[in-house]
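Observations on the three-dimensional arrangement
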Amino acid sequence: MSVLIYIENTEGQLKKSAFEAASYGKAIAEQLQTEAIAISIGNVQDDQIQKLGSYGISKVLNVSTDTLKSFVNQAYASIIASAAKKENASVVILSNTFSGKGLAPRVAAKLSAGIVSGASGVPQISGDTFEVQTSAFSNKAIATVSVQSVIKVLTVNPNAFPAKETGGSTTIEAYTPDIAQADLSTVVQEIVRATDTISLPEAEIVVSAGRGLKGPENWAMIEELAQVLGAATACSKPVSDAGWRPHSEHVGQTGIVVSPNLYIAIGISGAIQHLAGVSSSKTIVVINKDPEAPFFKVADYGIVGDAFVIVPKLIEALKKHKGN
Amino acid sequence: MKILVCISNVPDTTSKITFTNDNTTFNTAGVQYIINPYDEIALSKAVDLAAATNGTVTAITVGDAGTEPTIRKALAIGADNAIRIDALPADAWFVANQIATYARDNNFDLILTGRESIDYNSAQVAAMLGELLGIPSVSVAKGLQVSNGQANIEREIEGGKEMLTSSLPVVVGTAEGVAEPKIPNMRGIMGARSKPLEVIPPATVDPLTKIKSYATPPSRGSVNLIDEDQVEQLVNLLHNEAKVI
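Basis of the calculations
Residues numbered from 1 in each chain as written. Chains lettered and ligands numbered in written order. Predicted model: local features only at pLDDT ≥ 70, side-chain atom pairs only at ≥ 80, totals over all residues. UniProt positions renumbered as here; feature names shortened; annotations may be inferred. Buried ≥ 20, exposed ≤ 12 C-beta atoms within 10 Å, placed from the backbone. Helix = DSSP H or I, 4+ residues; strand = E, 2+ residues; numbered from the N terminus. Pairing = 2+ DSSP bridges. Right-handed = clockwise from strand over helix to strand, strands pointing away. Contact = placed C-beta atoms within 7 Å. Nonpolar A, V, L, I, M, F, W, Y, C, P; charged D, E, K, R; others polar. Expected span 1.5 Å × (residues − 1). Axes fitted to C-alpha atoms, helices over the stretch in contact; angles between N-to-C directions. Domains from an automatic or database assignment.

In the annotation of an unreviewed UniProt entry, the entry for chain B reads Electron transfer flavoprotein subunit beta/FixA family protein, and the organism field reads Sphingobacterium faecale.

Looking at an unreviewed UniProt entry, chain A carries the name Electron transfer flavoprotein subunit alpha/FixB family protein, with the source organism given as Sphingobacterium faecale. Taken from UniProt, the Sequence similarities (unreviewed entry) comment for chain A reads in full: "Belongs to the ETF alpha-subunit/FixB family."

1. Points about the pairing of strand 11 (residues 152-156) of chain A
Residue and element names in this part refer to chain A. Of all five residues in strand 11, five are buried; the element is thus mostly enclosed. Alternating residues of strand 11 divide into Lys152, Leu154 and Val156 and Val153 and Thr155, and every residue in both groups is buried. Direction of pairing for strand 6 (residues 89-95) relative to strand 11: parallel, over a ladder of five bridges. Bridged to isoleucine 93 within strand 11 is leucine 154. Sheet analysis places strand 7 (residues 114-116) next to strand 11, joined by three bridges and oriented parallel. In the strand pairing of strand 11, isoleucine 115 is matched with valine 153.

2. Notes on the UniProt feature "domain: Electron transfer flavoprotein alpha/beta-subunit N-terminal" (unreviewed entry) in chain B
Per the UniProt annotation, the sites labelled "domain: Electron transfer flavoprotein alpha/beta-subunit N-terminal" (unreviewed entry) are residues 23-207 of chain B. For residues 23-207 of chain B, the end-to-end C-alpha separation is 21 Å, with 30% helix and 31% strand making up the annotated structure.

3. A look at the pairing of strand 17 (residues 283-288) of chain A
Residues and elements named next belong to chain A. Most of strand 17 is tucked away: six of the six residues are buried. In strand 17, alternate side chains face the same way, and those of Thr283, Val285 and Ile287 on one face and Ile284, Val286 and Asn288 on the other are all buried. Two elements, strand 16 (residues 262-266) and strand 17, share five bridges in a ladder whose sense is parallel. Paired with isoleucine 266 across the two strands is isoleucine 287, which belongs to strand 17. Between the parallel elements strand 16 and strand 17, the chain passes through helix 7 (residues 272-278) in a crossover that is right-handed.

4. As for the environment of A:Asp290
Residues and elements named next belong to chain A. Residue placement: aspartate 290 occurs in the loop between strand 17 and strand 18 (301-304). With 13 C-beta atoms packed within 10 Å, aspartate 290 lands in the partly exposed category. When the C-alpha positions of aspartate 290 and alanine 226 are compared, they lie 23 Å apart, and in sequence the two are 64 residues distant.

5. Considering the sheet that holds strand 15 (residues 224-225) of chain B
Consider a sheet: its strands pair through backbone hydrogen bonds, and that pairing is either parallel or antiparallel. As summarised here, the arrangement of the six strands in space is 15(A)-14(A)-16(A)-17(A)-18(A)-15(B), forming an open sheet in which the pairing is parallel. Sheet topology places strand 15 (232-235) of chain A together with strand 15 of chain B at the edges, where each strand pairs with a single neighbour. Across four bridges, strand 17 of chain A lies against strand 18 of chain A in parallel orientation. Each bridged residue has a counterpart across the sheet, and for A:Ile287 the counterpart in strand 18 of chain A is A:Ile303.

6. Overview of the interface of chain A and chain B
The interface is formed by 77 residues belonging to chain A together with 65 residues belonging to chain B. When grouped by side-chain class, the residues that make up the side of chain A that touches chain B number 34 nonpolar, 32 polar and 11 charged. Bridging between strand 13 (residues 186-193) of chain A and strand 11 (residues 160-167) of chain B involves seven bridges; their strand directions are antiparallel. Within strand 11 of chain B, the position partnered with A:Val187 by the bridge is B:Thr165.

7. Remarks on unusual backbone geometry
For the bond from B:Leu168 to B:Pro169, the omega torsion is -5°, close enough to zero to count as cis. Looking at the element boundaries, B:Pro169 is found in the loop between strand 11 and strand 12 (170-174). One non-glycine residue with positive phi stands out, namely A:Lys214, at about 75°. Checked against the element boundaries, A:Lys214 lands in the loop between strand 14 (205-209) and helix 5 (220-229).

8. Some words on helix 3 (residues 73-86) of chain A
Residues and elements named next belong to chain A. Under the 1.5 Å per step criterion, the end-to-end length of helix 3 is 20 Å for 14 residues, consistent within 8% with the ideal 20 Å. Within helix 3, 11 of the 14 residues are buried, which leaves it mostly tucked inside the rest of the structure. The set of residues buried in helix 3 consists of Asn73, Gln74, Ala75, Tyr76, Ala77, Ser78, Ile79, Ile80, Ala81, Ala83 and Ala84. Two residues or fewer past helix 3, asparagine 88 is found with a positive phi of approximately 55°.

9. Observations concerning the sheet that holds strand 14 (residues 209-215) of chain B
Across the sheet, four strands lie side by side as 8(A)-9(A)-10(A)-14(B); this open sheet has antiparallel pairing. The sheet is open, and its two borders are formed by strand 8 (119-126) of chain A together with strand 14 of chain B, each paired with just one other strand. Averaged over all pairs of adjacent strands, the angle between their axes in this sheet comes to 25°, without regard to strand direction. Here five bridges tie strand 8 of chain A to strand 9 (residues 129-136) of chain A, and the two strands are oriented antiparallel to one another. Across the sheet, A:Ile125 pairs through a bridge with A:Phe130, a residue of strand 9 of chain A.

10. With respect to the environment of A:Leu94
Residue and element names in this part refer to chain A. Looking at the element boundaries, leucine 94 is found in strand 6. Judged by the 32 C-beta atoms lying within 10 Å of it, leucine 94 is buried. Ignoring any residue separated from it by four or fewer positions in sequence, one finds leucine 94 in contact with Tyr6, Ala21, Gly100, Leu103, Ala104 and Thr155.

11. A look at the domain arrangement of chain A
Interface size, as often reported, equals the accessible area lost upon joining of the parts. Residue and element names in this part refer to chain A. Assigned domains within chain A: domain 1 (2-184) and domain 2 (205-323). Computed from C-alpha coordinates alone, the two centres of domain 1 and domain 2 are separated by 33 Å. If you look at the interface, domain 1 gives seven residues, while domain 2 gives seven residues. Here the residues of the side of domain 1 that touches domain 2 sort into one nonpolar, five polar and one charged.

Structure representation (structure tokens):
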């Protein structure tokens, strides 16, 4: 028996969420008194993979081939499923990233495994009972889900489970499963990366602004605040609908759901749909001139006032803080 | 082009979410149901693609008779016909198997779903369908074009986007950016009444997961309001109390 964890990389560098998935898998392996084994696909060098040892991973299957340098959903899913069989895995862990969302259900279907996406906290396991919590109704509820299959697939949201270094080393095993031609039906043509910004779903701090900013020309101070904090920028739905900011920044029930350590909402009233996308943030700060804005009800800290006055002051105060 | 669009019947985004039967059942009292907003994007794209290729759009849902207003709305937006598989959607595995059973016999060129439903948010059906049908799938698409027998898809990735091509048939889970949601006009609403809505019995499938109970998320303590002239105090609190900067 084992717990198998799929480790994602970006251009050969292991992602932060991959270490979180490793730690999550390790925690479940400890509960099951079994090994945590990882699988990496792509062109990842051994020195990167070795890092997993200190997160409690005892062995890494390394599938290193140019054919799979970029993401090929079907082929990756086939490889992960065959690795799960080879290692007799009872639980398979993936990150609930954009690629993970495409992969995990395919892996589960191949293994006839029940799957829970965005699992929060380690599962309750006793005898044949396997229960885990996840959010439902766009963060408005928490569901306890019982998984009834022999093999279980869980995905874990970025930032939801802290990566934990425990020390140790890992063995690397080159893994070369056959790749069926039918599994190569999608071909990546081009990848466009926003070079100077921080990925919103993975960001630890998010600075978000809404219609209170009055127009796209006023976003410079939001970007500066984000830069001072090392934060990603985000926006409310009306802002992306109006074309002030790209859809990829829209946080909320029908946009991206985030769970950063710190979410700063500026000029956003806090419609229920927006709150659904941010309510699992650890700390929420709201800046709004309307003291009745519903966002204040779910905030940890708030300032009632004009964003155009407060944000520049906040930038200065943060710069001073960083300087000390 | 022959297109299948999977439709989920979900509570309106403004619904108050509460539970009954000892927190084991979603309380549907007073809840308005809508087409899942992401499915609306999928359907709108399908209607455009079908119009451009002299194709057809079939809307499919897994649900009881209570979902019929939602599927009629899909017909009003522009689907040519609709299928309702007469069963409660037990879990994603159950739903994907039901839709796959229908799709296997009907040779679609393209199958669209929303990127996720706003009730269970698991984003599983698109990829499961792809796997069950043995065809490619793309789970969170921001752009979709079809030409010369292949799909050109823009996929969201962390910190950027990826452009890929796929052979047909393919399952695509659509997000914002793929199409502007269409609003049904009066002619569409009138026409929807006479469009075919076929009810078919479910295949025998055992779900693999079951929701045992629900809870509401823990509420936060009351907000600590800081004077607008004391911004430094906020910085101190974030550093020393919340320990997030």
